[in-house]
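# A look at the structure
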Amino acid sequence: MTHYYLDKDNKAIPCSAEESYKYLNRNSRVVKQTKLEDGGLLSTVFLAVTVRDSEPPQLFETMLFPSTESISDEAKRYSTYEAALAGHDEWLKELTIDN
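All values reported here derive from a predicted model rather than from experimental measurement.

## As for the sheet that holds strand β6 (residues 75-78)
The strand order β3-β4-β5-β6 describes an open sheet built from four strands, whose pairing is antiparallel. Among the strands making up the open sheet, the edge pair consists of β3 (30-35) and β6. The mean inter-strand angle of the sheet, taken between neighbouring strand axes irrespective of direction, is 10 degrees. Judged from the four bridges that link them, strand β5 (residues 60-65) and β6 form a sheet pairing that is antiparallel. Note on β6: the bridge partner recorded for Phe 60 is Tyr 78.

This is the structure in structure tokens:
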């Protein structure tokens, strides 16, 4: 498992677990959150660690939390901050079109 922090340009930088922990204590993991009209939430966060072995590492995750009590297992992962923002907005657009 590799740990990361985001620099001032939101680029993921490999670091020690301690450095990553300190970064997360000083900064929010949240990249973007959108409350949906039906009460659900679309949330994109910085994971700060590699979740799976992949190249490039997938360090950002967008999840849909539905308004019902059901648990969503739907998630999309991204390797860059910019891709995570774009993915969030694209998923939001798809949700808006579906409603």
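## Considerations on the pattern of salt bridges
Summed over the entire model, instances satisfying the criterion amount to six salt bridges. Note that Asp 9 is salt-bridged to Lys 8, the shortest N-O span being 3.6 Å. In this structure Asp 9 comes out as partly exposed when scored by relative accessible area, which is 44%. A relative accessible area of 77% means that Lys 8 is categorised as exposed. Glu 94 is the partner of Lys 76 in a salt bridge, and the nearest nitrogen-oxygen pair spans 3.7 Å. One end of the pair, Lys 76, is in strand β6; the other, Glu 94, is in helix α2 (residues 81-98), with 18 residues separating them in the sequence.

## Topic: the confidence of the model for the chain
When pLDDT is averaged along the chain, the result is 90; 93% of the residues meet or exceed 70. When mean pLDDT is taken per element in the chain, strand β1 (residues 3-6) scores highest with 97 and α2 scores lowest with 92.

## Quick notes on the nonpolar core
By size, the foremost hydrophobic cluster in this structure holds 12 residues: Tyr 4, Leu 6, Tyr 23, Leu 24, Val 31, Phe 46, Ala 48, Leu 59, Phe 60, Tyr 78, Tyr 81 and Ala 84. For this core, the secondary-structure elements that each account for two or more residues are β1, α1 (17-26) and α2. Excluding residues within four positions of it along the chain, Leu 6 makes contact with Lys 11, Ala 12, Tyr 23, Phe 46, Phe 60 and Tyr 81. With five residues, the next largest nonpolar core counts Leu 36, Leu 64, Trp 91 and Leu 95 among its residues.

## Quick look at unusual backbone geometry
Within the chain, Asn 10 stands out as a residue other than glycine whose phi angle is a positive 65 degrees. Inspection of the secondary structure puts Asn 10 in the loop between β1 and β2 (12-15). Positive phi is not limited to glycine here, since Ala 48 has a value of about 75 degrees. The topology assignment puts Ala 48 in the loop between β4 (41-46) and β5. On the basis of relative accessible area, Ala 48 is assigned to the buried category, the value being 0%.

What counts and how
Residues numbered from 1 in each chain as written. Predicted model: local features only at pLDDT ≥ 70, side-chain atom pairs only at ≥ 80, totals over all residues. Heavy atoms only, no water. Pairing = 2+ DSSP bridges. Helix = DSSP H or I, 4+ residues; strand = E, 2+ residues; numbered from the N terminus. Axes fitted to C-alpha atoms, helices over the stretch in contact; angles between N-to-C directions. Salt bridge = Lys/Arg side-chain N within 4 Å of Asp/Glu carboxyl O. Buried < 20%, exposed > 50% of the residue type's maximum accessible area, 1.4 Å probe, protein only. pLDDT = per-residue confidence, 0-100. Core = buried A, V, L, I, M, F, W, Y, C linked by side-chain atoms within 4.5 Å. Contact = heavy atoms within 4.5 Å.

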